[in-house]
Amino acid sequence: MYTQAMDTAPKEERKAVRSLEEAELERRFDAKIDKGGFIEAKDWMPEHYRKTLVRQISQHAHSEIVGMLPEANWVTRAPTLKRKTILLAKIQDEAGHGLYLYSAAETLGTSRDELLAALHSGKAKYSSIFNYPTLTWADVGVIGWLVDGAAIMNQVPLTRCSYAPYARAMVRICREESFHQRQGFDALNVMMREGTPEQRAMVQDATNRWWWPSLMMFGPPDGESVHGAQSARWGIKRISNDDLRQKFIDATVEQARVLGVSLPDPDLKWNEARGHHDFGPIDWDEFWRVVGGDGPCNKERLGARVKAWEDGAWVREAALAHARKQATKKEAA
Amino acid sequence: MSRTDTTQEWPLWEVFVRPKAGLDHKHCGSLHAPDAAMALQLAREVYTRRQEGCSIWVVPSSQITASDPGDKDMYFDPMEDKVYRHPTFYVLPEAVDHM
Amino acid sequence: MTSTMTSPSTTATPPRPAVAAGLAAGVSGASRGPGRSVTLSGSREARWVLRLADTCLIHAQRLSEWCGHGPILEEDIALTNLSLDLLGQARALLSHAGQLDGQGLDEDQLAFLRDERDYFNLTLVEQPLRRSSAHAPGGDFADVQVRNLLLAVWLKLHWQALASSSDAELAAIAGKAVKEARYHVEHAAQWVVRLGDGTEESAARAKAALERAWPYTNELFVDDELDAHAAATGLGPQRSALREAWLAAVSAVLTEATLAVPAASKFVSTGSRGVHSEHMGFILAEMQHLQRAFPGGVW
């Protein structure tokens, strides 16, 4: 899962003086992109393009991995074997997505360990939506419905990203993602249509807690987004935060009506003149607070990832040690 | 031990899968594995979710020789024959180091 | 972007027959209402199949605790695959056991609404695997792969024997499961070898994990009247008949892993007879919670 709130890193220094050759290479690079061309791993690219992609792709990967945790909370408590199976498969997909993305990032001259070190030290970010707690089973369905729904909107444009290894990873990911949203919606729909009043109340409660954070997934309003213009030029980011957020709201209002849940926004209403739904103010203080590390689950999420990595060190070392022993034996033979 | 000490990192492997007989192997991506047997096993888990009848090739990424003309004028480094630049591609395994 | 959601006006979801029937049968099957425990009919065949079903179910449950916490992403995905396989096997066996039981109980009623004494999994699979339980510390990755090895070999031998079961449905389930079991054995064996013959630390942990698990393996091969009945009717193999092949296969892996086969223990666990360890209560409390808390819920 991805969020464009990732574009909140401080503006990076641009080299003021460039060689004539480099300027020409960059001119041709920009022309190639303007024509809709693809950049592959061995092509010349501006350093800023490479750095931006490493940051964006790796933070997308981190989001997938951290995003496993709030859902994994409910695997052992899933209410039926079918739901347990679906949830496990979904979380496994997310691990796989993280892996495809780390793989794409590594083609840009970084290593998985370097990327993980950045995550574990707190330098790299992940989607802040995963810093919220999953308090009930209905949260799992709502995450599928709203969070995956938002992620899909962000992700489809990325299948046309100029950096081809990233675009290819995104094609793979999008193919698997629509199942996630459908399953989440289905779980909620069954509870709303056939479940008990207590189940319906659980679904409404979960919706109330996840609605606003889902809207924040699209990142700050376009005026405040630091990297928008250059990323747009380079085909890394093709649609604005505000436009995606509006699209999401318009689609989701109808889905909420089908489900029979209300959305916790008294200002939400169709605006005939605009052709879109108007909606209430987003609490951007909350957004910056959570992104900055003071959300409900930031410490637990990162702590869990760091612990898994550190507890796994002896395992990874053992496998390497065994491989080296075998290699030595082979060479001696 | 530093977390970014790349000699402790599981090597990178490129994965090629032929989904069914009659087709070519297609590059799917990469993964980290300690050795060839585990690379094959993990590739099956990660890239095919164990579909029957899949053929998998795994190759250490550093062992691939690549040339990619693409746009000759945009070719980064004509002498660079690795599939892409990766921090671990030039690290020698300890076993070889001692020889 | 157009909504990819299905709208109820075009694909209405009717009340699910299995659930309705299950609820009705549950009432007639001597349960005390939705969310309350179901009781078994006493069918020996059902009980025998539940030993396998519950072993797969509880092992899948423990393995799934590792989802998101594996030592490396690739292995996280592999472990989840194992969990999914075991869950699939459990589901097929539970459904079949429900049929053999004859009260119309479905896979979910059996999985979530029995009392502890009516679960017949091996005690081995209840032992902590990642998280601590009761007063015992959590397990580590060595516990995972050692347990996987011991169980996967045992299950594979069962599936192979069940290919010739007098119960055609059971034979069909086994036919599918044996392919998965081969991967499970291969995966676990590769890990046990790498841990046993890796670093000093991994060898020590592998040895410790093996010694923790070993006393629980006696139960894998003790026979009781249910096993005798299964063998007599051609339903399935006696557990004792599998011991030699199991020990040979496991020993071969341990040898390659430079690990010693632990000394025999006199302890015999009794989970397969419904009397469990202290951990089972916690596992069931967690697993059953939603079904108990939302009686009559539809999921």
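Residues numbered from 1 in each chain as written. Chains lettered and ligands numbered in written order. Predicted model: local features only at pLDDT ≥ 70, side-chain atom pairs only at ≥ 80, totals over all residues. Heavy atoms only, no water.

Draft legend 1. Summary view of the interface of chain C and chain A. Taken together, the 59 residues of chain C in the interface contact 60 residues of chain A. Across the chain C to chain A interface the summed buried area is about 5200 Å²; carbon plus sulfur atoms make up 67%. If you look at where chain C meets chain A, you find two salt bridges. Lys325(A) is the partner of Asp197(C) in a salt bridge, and the nearest nitrogen-oxygen pair spans 2.8 Å. Applying the counting criterion to the chain C and chain A interface returns 16 residue pairs in polar contact (both at pLDDT 80 or more). Broken down by secondary-structure element, the contributors of at least two residues to the side of chain C that touches chain A are helix 2 (44-63), helix 3 (73-101), helix 4 (107-113), helix 5 (141-162), helix 6 (168-196), helix 7 (200-213) and helix 10 (279-293) of chain C. Among the elements that line the side of chain C that touches chain A, the one with the most residues is helix 3 of chain C, at 11 residues. Looking at side-chain class alone, the side of chain C that touches chain A contains 27 nonpolar, 18 polar and 14 charged residues. (Contact = heavy atoms within 4.5 Å. Buried area = accessible area lost by both parts, 1.4 Å probe. Salt bridge = Lys/Arg side-chain N within 4 Å of Asp/Glu carboxyl O. Polar contact = N/O pair within 3.5 Å; in protein donor to acceptor, adjacent residues only side chain to side chain. Helix = DSSP H or I, 4+ residues; strand = E, 2+ residues; numbered from the N terminus. Nonpolar A, V, L, I, M, F, W, Y, C, P; charged D, E, K, R; others polar.)

Draft legend 2. Spatial organisation of the environment of Tyr49(A). All names here are of chain A. As for its placement among the helices and strands, Tyr-49 is situated in helix 2 (residues 47-72). For the pair Tyr-49 and Leu-302, spaced 253 residues apart in sequence, the C-alpha separation works out to 28 Å. Beyond its immediate chain neighbours, meaning those up to four positions away, Tyr-49 contacts Phe-29, Ile-33, Ile-39, Ser-162, Tyr-163, Trp-234 and Ile-236.

Draft legend 3. Up close: empty space enclosed by the protein. Residues and elements named next belong to chain A. Enumeration according to the criterion identifies eight cavities of 30 Å³ or more in this entry. Its volume calculated, the largest cavity comes out at about 110 Å³. Lining of the largest cavity is provided by Arg-83, Ile-86, Leu-87, Lys-90, Trp-137, Val-140, Gly-141, Gly-144, His-180, Gln-183, Gly-184 and Ala-187. Only helix 3 (81-106), helix 5 (137-158) and helix 6 (164-194) provide two or more residues apiece to the lining of the largest cavity. Residue composition of the lining of the largest cavity, grouped by class: five nonpolar, five polar and two charged. (1 Å grid on protein atoms, 1.4 Å probe; cavity = no way out; pocket = protein on both sides within 12 Å on 5 of 7 lines; lining within 4 Å. Points joined across faces, edges and corners; volume = space filled by probe spheres on them.)

Draft legend 4. Molecular detail of the interface of chain A and chain B. Each partner contributes to the interface: chain A provides 37 residues, whereas chain B provides 38 residues. In total, about 3300 Å² of surface goes out of reach between chain A and chain B, with carbon and sulfur atoms giving 55% of it. Summed over the shared surface of chain A and chain B, the result is zero salt bridges. The interface formed by chain A and chain B includes eight residue pairs in polar contact (both at pLDDT 80 or more). Breaking the side of chain A that touches chain B down by element, the ones donating at least two residues are helix 1 (20-34), helix 3, helix 4 (112-120), helix 6, helix 11 (298-311) and helix 12 (313-332) of chain A. When residues of the side of chain A that touches chain B are assigned to their parent elements, the largest contribution, eight residues, is made by helix 12 of chain A. Here the side of chain A that touches chain B is built from residues that sort into 13 nonpolar, eight polar and 16 charged.

Draft legend 5. Structural detail: the packing of aromatic side chains. Scanning the model with the defined rule gives 16 aromatic pairs over all chains in all. Seen in terms of ring centroids, Trp66(C) and Phe141(C) are 6.1 Å apart; in terms of plane orientation they differ by 70°. Their pairing is edge-to-face. Remark: Phe141(C) occurs in helix 5 and Trp66(C) occurs in the loop between helix 2 and helix 3; sequence separation between them is 75 residues. Both residues of the pair, Trp66(C) and Phe141(C), belong to the buried class. Members of the aromatic cluster, each reached through a chain of ring pairs, are Trp10(B), Trp66(C), Phe141(C) and Trp191(C). The ring centre of Trp74(A) lies 3.6 Å from the NZ or CZ of Arg77(A), which sits over that ring. (Phe/Tyr/Trp six-rings, centres within 6.5 Å; stacked < 30°, edge-to-face > 60°. Buried < 20%, exposed > 50% of the residue type's maximum accessible area, 1.4 Å probe, protein only. Lys NZ or Arg CZ within 6 Å of the ring centre and 35° of its normal.)

Draft legend 6. The pattern of salt bridges, seen in detail. Evaluated as defined, the whole model comprises 35 salt bridges over all chains. Here Lys51(A) makes a salt bridge to Glu47(A), at a shortest N to O gap of 3.9 Å. Of this pair, Lys51(A) and Glu47(A) both sit in helix 2, separated by four residues, roughly a single helical turn. According to the relative accessible area criterion, Glu47(A) is partly exposed, its value standing at 39%. With a closest N to O distance of 3.4 Å, Glu186(C) and Arg44(B) form a salt bridge. With Glu186(C) in helix 6 and Arg44(B) in helix 1 (residues 36-48), this pair bridges two chains. One continuous salt-bridge network, built from bridges that share partners, spans Arg51(C), Asp224(C), Glu225(C), Asp227(C), Arg239(C) and Arg273(C).

Draft legend 7. Inspection of the nonpolar core at higher detail. Tyr49(A), Trp137(A), Tyr163(A), Leu31(B), Trp159(C) and Trp246(C) are the most contacted members of the largest nonpolar core, which has 196 residues in total. At 14 residues, helix 5 of chain C tops the list of elements feeding residues into this core. Grouped together as the second largest cluster of nonpolar side chains are seven residues, Leu12(B), Phe16(B), Ala66(B) and Phe89(B) included. (Core = buried A, V, L, I, M, F, W, Y, C linked by side-chain atoms within 4.5 Å.)

Draft legend 8. Structural detail: the sheet that holds strand 1 (residues 12-18) of chain B. Residue and element names in this part refer to chain B. One open sheet accounts for three strands, arranged 2-1-3; its pairing is antiparallel. Only two strands of the sheet have a single partner each, and these edge strands are strand 2 (26-32) and strand 3 (55-60). For this sheet the average axis-to-axis angle between neighbouring strands, irrespective of direction, equals 30°. In this structure, strand 1 lies alongside strand 3, joined through six bridges in antiparallel fashion. Residue Val-17 lies in a different strand from strand 3, and its bridge partner there is Ile-56. (Pairing = 2+ DSSP bridges. Axes fitted to C-alpha atoms, helices over the stretch in contact; angles between N-to-C directions.)

Draft legend 9. Helix 10 (residues 284-294) of chain A, seen in detail. Residue and element names in this part refer to chain A. The complete set of buried residues in helix 10 reads Trp-284, Glu-286, Phe-287, Val-290 and Val-291. In a view along the axis of helix 10, the buried residues occupy a sector of 160°, so they form one face of it. With respect to the buried face of helix 10, the exposed residues turned more than 90 degrees away are Asp-285, Gly-292 and Asp-294. Close packing links the buried residues of helix 10 with helix 7 (197-216), helix 9 (241-259) and helix 11. Where helix 10 begins, the capping side chain belongs to Asp-283, and its oxygen is found 3.1 Å from the backbone nitrogen of Asp-285. (Arc of directions from axis to C-beta.)

Draft legend 10. Structural context of the packing of helix 2 of chain C against helix 10 of chain C. All names here are of chain C. Interhelical geometry of helix 2 versus helix 10 gives an angle of 80° and a closest axis separation of 12 Å. Considered as vectors, helix 2 and helix 10 are oriented roughly perpendicular to each other. Between helix 2, through Leu-57, Ile-58, Gln-61 and Arg-62, and helix 10, the contact on the second element is made entirely by His-279, Met-280, Ile-283 and Met-287. Residue composition of the contact of helix 2 with helix 10, by class: five nonpolar, two polar and one charged. (Parallel < 35°, antiparallel > 145°, perpendicular 65-115°, else oblique.)

Draft legend 11. Representation of the side chain of His69(C) in the model. As for its placement among the helices and strands, His69(C) is situated in the loop between helix 2 and helix 3. Looking at His69(C), the relative accessible area reads 18%, which means it is buried. Only 3.5 Å separates the side chain of His69(C) from the side chain of Arg130(C), close enough to count as a polar contact. If near-sequence neighbours (up to four positions away) are discounted, His69(C) is found in contact with Leu69(A), Ala304(A), Arg305(A), Ala308(A), Asp76(C) and Arg130(C).

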